[in-house]
Amino acid sequence: MGEYNKLKSLLLNMQPKLPSLGPPDLQRDMERRRALVDTMFKYLDGDRDGRLASDELDQISLKEHLGDGLLECTMQDLLRYDDYNNDRHLTLHEFYTAFQVVRLSLEEAQRVSVTTVTVGLSAVLSCAIQGTLRPPIIWKRNGIILNFLDLEDINDFGDDGSLYITKVTTIHMGNYSCHAYGYEDLYQTHVLQVNVPPVILVYPETQAQEPGVSASLHCHADGIPNPKLLWLKNGLDLQPRSSKQLSLIANGSELHIGSVRYEDTGAYTCIAKNEVGVDEDISSLFVEDSARKTRLSVGNMFYVFHDDGVMVLQPGECEIRRHIERAERIGASFEEMCPKGEGATPQHCVWSSAVNVRDRFIYVSQPLQHRVLLLDTQAQKVVQAVETDPVPVQLLYDKSHDQVWVLSWGDMQKTHPTLQVISQASVGEVHRTVRTPFQRVVNLFIPPTHLIITHVRFGFVFLKSEPAVHKIDLETLRCVKTISLKNHSCVPVSMAYTHLSGFYFVQCQGRSHPVAPPQLLIDSVTDTVIGPNGDVTGPAYVSPDGRYVVTPDPRGAMLRLQTVSFRGELGPSRELEGPAARVSDLLFQPSFDEANQYAVVAASGSGTDLVFAHPATGHSAVLKSLKEPLAPQSWPWGSCNRVLVSSGPFGQYLVTPSAESLFVLDGRQNAPHCEVSDVKRGNTIVWVGEV
């Protein structure tokens, strides 16, 4: 075949040379080669019938003196080796193959392909680019080439260039593209949509009411597409439209009974359905004369940690159910919850962070005592103190591994920050901290769990002044990867995450510029930086379902809202009205009017404003009467000097402190509900649900 290749090279060199159009480029070079072969074919095709016959090849051989013995091959060898259909003629297509001219095509109708797969199954994306001598297929996601990455779920590209995803999750949704190597201008886009069967949660599981009062049964369901809800009573369909007694609110998310009667006693089943599945759960209602005398619940309370101890607040009635005094003993010891300071300094409690551990315990840090306290929610007492490194300021609960992470500063100047872990946090035993290998830690991020995503394997730590995020295995406590942000001059401050397409949103601070760089987007499938999130700067907050991303504008007065579609597409930002000054905290309150919607609630850190903004409509309501928050110097533990805490996925109440009081807000009415006075520095708050 060496002599045959020499013959073909000789034929190409005989053609008029085309001018060079720039530096070497595979696609451009192939276009020049194709033009040379086209010219040659026309020259050889003497009768212009689009086919080369044996006599035409002989004529050219004589004319150009190609048979003078310089080569062992003759023009007839073109028919011998490249007449693929053996019809004793060469077509232009066969000629392209002989001279290795790559010809690629993609039908217009196949330029965009949509694939829908159910979570947990495998997916195969096939590239529809066809052609002669097609080079290997290259796959990209968010501009990142996948072929050469060692990915856990995308690990086989097949002989035909197909992309295989072995176990699809919601992070895999989004756009993928394929092209032949060297030919990026011709590409196919694959849109992967991931459907998820419904997962349901009802509240309350059971309730007892006296005749004549109203009762509500709540049902929350997540799934893709959004599930539709219906209710049964004792296995039979409910007909609320024909009854003045019953009404369905927010697309069936709430079943309201106006005035309960004995016959309303029963098992109410909420059923959620979408295209790929169904789920159901039961909420039981008992109507009885002595319902109010059954027992006094210790659940569904706010725990407010303030200067004088711990207040347990029932929000609906604005009732203080218990107050744990600062001098109260810890467990069976003689140690006080808030020890007296030296000299004449009045005794008061100093708190910085608290987390709810499965509604059984509250872990709360005392930075000046270098410890974390455990509060038993059933007994409503502090039962243990866990010694930590000096100045523990931030706690995070990793529900997937049942462990509490403790970030300590080392001293008030943050010179020796460390990270420790308390394992088996929900178990009633003596706890101790375990040292992790991470030093110089300034922040830690653990993605949240919810109904659809129930397990998280990895978190991220940020190190002091370092332009990188370090991915850590939450089980082994080891770093598994470092993602550099140096090319974007980004020192990370905070992160947020949506499981829809698996975007991480990284808040940046500049290394030398006073103006903060925009957020960076990281793809959790490839652990690669995608690039800036437009011109959006500041900390991102993501709704529990992953569909809304809200970033307060650092200058105040505006919230930047982005949506993530069920195809994993991150939309452009639009504006919502925000507080007039810097936002201290922000949360998402489930809508009381429509299922699978939220209100955004944002509190000002330097003014009295609080905003309820509704992404679905763009409308906002501003409260201006909440009194001044804590002064920043009175809260040295972070930038959130006015927290916002909700009462869970079914609760209508929120709480937020001022400098010396606590406000309970009614999320259904977007209005204040009550104010509890004489609560100083009550900026550490936890909601505890059913106990």
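The paragraphs below set out a description of the structure included in this document. None of the values given here were measured: they were computed from a predicted structure.

### Some remarks on the overall build of the protein chain
Part 1: The helix and strand tally for the protein chain stands at five helices and 51 strands.
Part 2: A compact globule built from 691 residues would reach a C-alpha radius of gyration of about 26 Å, whereas the protein chain, at 34 Å, exceeds it by more than 25%.
Part 3: C-alpha atoms of the protein chain, sized along the principal axes, occupy 115 × 70 × 45 Å.
Part 4: The burial tally for the protein chain puts 51% of its 691 residues in the buried class.
Part 5: A separation of at least 24 residues holds for 53% of the contacts in the protein chain among residues at least 6 apart in sequence.
Part 6: Total accessible area on the protein chain stands at roughly 32000 Å², and carbon and sulfur atoms take up 50% of it.

### Side note on the state of the cysteines
Part 1: On inspection of all chains with the given rule, the structure shows five disulfides.
Part 2: At a sulfur-sulfur separation of 2.0 Å, the disulfide partner of C219 is C270. Across the disulfide from C219 to C270, rotation about the S-S bond amounts to roughly -80°, and the bridge is consequently left-handed. Highlighted residues: C219 in strand β13 (residues 215–224) and C270 in strand β18 (residues 266–274), separated in sequence by 51 residues. Residue C219 shares its accessibility class with C270, and that shared class is buried.
Part 3: Each bonded cysteine in the protein chain gets a number by its place in the sequence, and the pairs come out as 1-2, 3-4, 5-10, 6-7, 8-9.
Part 4: Free of any disulfide, C479 has its nearest cysteine sulfur in C490, 17 Å distant.

### What to know about empty space enclosed by the protein
With a probe scaled to a water molecule rolled over the atoms, the places where space remains empty come into view.
Part 1: On inspection of all chains with the given rule, the structure shows one cavity of 30 Å³ or more.
Part 2: Looking at the largest cavity, its volume works out to about 70 Å³.
Part 3: Lining the largest cavity are D222, G223, I224, N226, I452, H499, L500, D545, R547, F566 and N596.
Part 4: Classifying every residue of the lining of the largest cavity by side-chain character gives four nonpolar, four polar and three charged.

### Details of the packing of aromatic side chains
Part 1: Applying the stated criterion to the full structure yields nine aromatic pairs.
Part 2: Ring geometry for F305 and W351: centres 5.1 Å apart, planes at 65°, overall edge-to-face. Remark: W351 occurs in the loop between β22 (319–325) and β23 (354–357) and F305 occurs in strand β20 (residues 301–306); sequence separation between them is 46 residues. Here F305 and W351 have matching classes, each one buried.
Part 3: Put simply, the rings of F445, F460, Y497 and Y504 touch in pairs and so form one group of aromatic residues.
Part 4: Against the face of F458 rests K471, its NZ or CZ located 4.2 Å from the ring centre.

### A few points about the layout of surface pockets
Part 1: In this structure, the second largest pocket occupies an estimated 1000 Å³ of space.
Part 2: Breaking the lining of the second largest pocket down by element, the ones donating at least two residues are β32 (458–463) and β34 (478–484).
Part 3: Within the lining of the second largest pocket, the residues separate by chemical class into 16 nonpolar, nine polar and eight charged.

### Topic: the side chain of D307
Part 1: The residue D307 is located in the loop between β20 and β21 (309–314) in this model.
Part 2: A polar side-chain atom of D307 sits 3.0 Å from a polar atom in the side chain of R681.
Part 3: The contacts of D307, once residues within four sequence positions are left out, are R326, H348, C349, K680 and R681.

### Side note on the nonpolar core
Part 1: Core analysis: the biggest nonpolar cluster contains 77 residues, and L78, F95, F99, W139, I154, Y176 and L485 have the highest contact counts within it.
Part 2: Per-element tally for this core: the top contributor is helix α2 (residues 26–44), with six residues.
Part 3: Once you skip the residues sitting within four places of it in the chain, F95 turns out to touch V37, M40, F41, L44, L52, L78 and L90.

### Some points on unusual backbone geometry
Part 1: Cis geometry is adopted by the peptide bond preceding P204, which originates at Y203 and carries an omega value of -10°.
Part 2: On the secondary structure map, P204 appears in the loop between β11 (183–203) and β12 (206–209).
Part 3: I224 connects to P225 through a cis peptide bond whose omega is -5°.
Part 4: Its place among the elements puts P225 in the loop between β13 and β14 (228–233).
Part 5: Its identity as a non-glycine residue notwithstanding, S489 has a phi of 50°, on the positive side.

### Some points on the pairing of β20
Part 1: The buried count for β20 comes to six of six residues, which makes it a mostly enclosed element.
Part 2: Neither face of β20 is left uncovered, since the one carrying M301, Y303 and F305 and the one carrying F302, V304 and H306 both have all their residues buried.
Part 3: By the bridge criterion, five bridges tie β20 to strand β51 (residues 684–688) in an arrangement that is antiparallel. Note that in β51 the partner of F305 across the bridge is T684.
Part 4: Bridge analysis of β20 against β21 gives five bridges, and the strand direction is antiparallel. In the strand pairing of β21, V304 is matched with M311.
Part 5: Taking the residues between adjacent antiparallel strands as the criterion, β20 and β21 are bridged by two residues.

### Points about the pattern of salt bridges
Part 1: Enumeration according to the criterion identifies 20 salt bridges in this entry.
Part 2: Between E319 and R321 there is a salt bridge, and its shortest N-O distance comes to 3.3 Å.
Part 3: For E319, a relative accessible area of 32% puts it in the partly exposed group.
Part 4: Where E675 meets K627, a salt bridge forms, and the shortest distance between an N and an O atom there is 2.8 Å. Note that E675 is positioned in strand β50 (residues 671–677) and K627 in the loop between β46 (620–623) and β47 (645–646), a separation of 48 residues in sequence.
Part 5: Linked by salt bridges that have partners in common, K471, K481 and D527 make up one network.

### Brief notes about the sheet that holds strand β41 (residues 558–563)
Part 1: Strand order in the open sheet made by the four strands is β39-β40-β41-β42, with antiparallel pairing throughout. The open sheet is flanked by β39 (541–542) and β42 (574–577), the only strands paired with a single partner.
Part 2: Bridge analysis of β41 against β42 gives four bridges, and the strand direction is antiparallel. Residue L559 lies in a different strand from β42, and its bridge partner there is L576.

Calculation rules
Residues numbered from 1 in each chain as written. Predicted model: local features only at pLDDT ≥ 70, side-chain atom pairs only at ≥ 80, totals over all residues. Heavy atoms only, no water. Helix = DSSP H or I, 4+ residues; strand = E, 2+ residues; numbered from the N terminus. Rg over C-alpha atoms; globule rule 2.2 N^0.38 Å. Buried < 20%, exposed > 50% of the residue type's maximum accessible area, 1.4 Å probe, protein only. Contact = heavy atoms within 4.5 Å. Areas by Shrake-Rupley, 256 points an atom, 1.4 Å probe, with all protein chains shown as cover. Disulfide = S-S within 2.5 Å. 1 Å grid on protein atoms, 1.4 Å probe; cavity = no way out; pocket = protein on both sides within 12 Å on 5 of 7 lines; lining within 4 Å. Points joined across faces, edges and corners; volume = space filled by probe spheres on them. Nonpolar A, V, L, I, M, F, W, Y, C, P; charged D, E, K, R; others polar. Phe/Tyr/Trp six-rings, centres within 6.5 Å; stacked < 30°, edge-to-face > 60°. Lys NZ or Arg CZ within 6 Å of the ring centre and 35° of its normal. Polar contact = N/O pair within 3.5 Å; in protein donor to acceptor, adjacent residues only side chain to side chain. Core = buried A, V, L, I, M, F, W, Y, C linked by side-chain atoms within 4.5 Å. Pairing = 2+ DSSP bridges. Salt bridge = Lys/Arg side-chain N within 4 Å of Asp/Glu carboxyl O.

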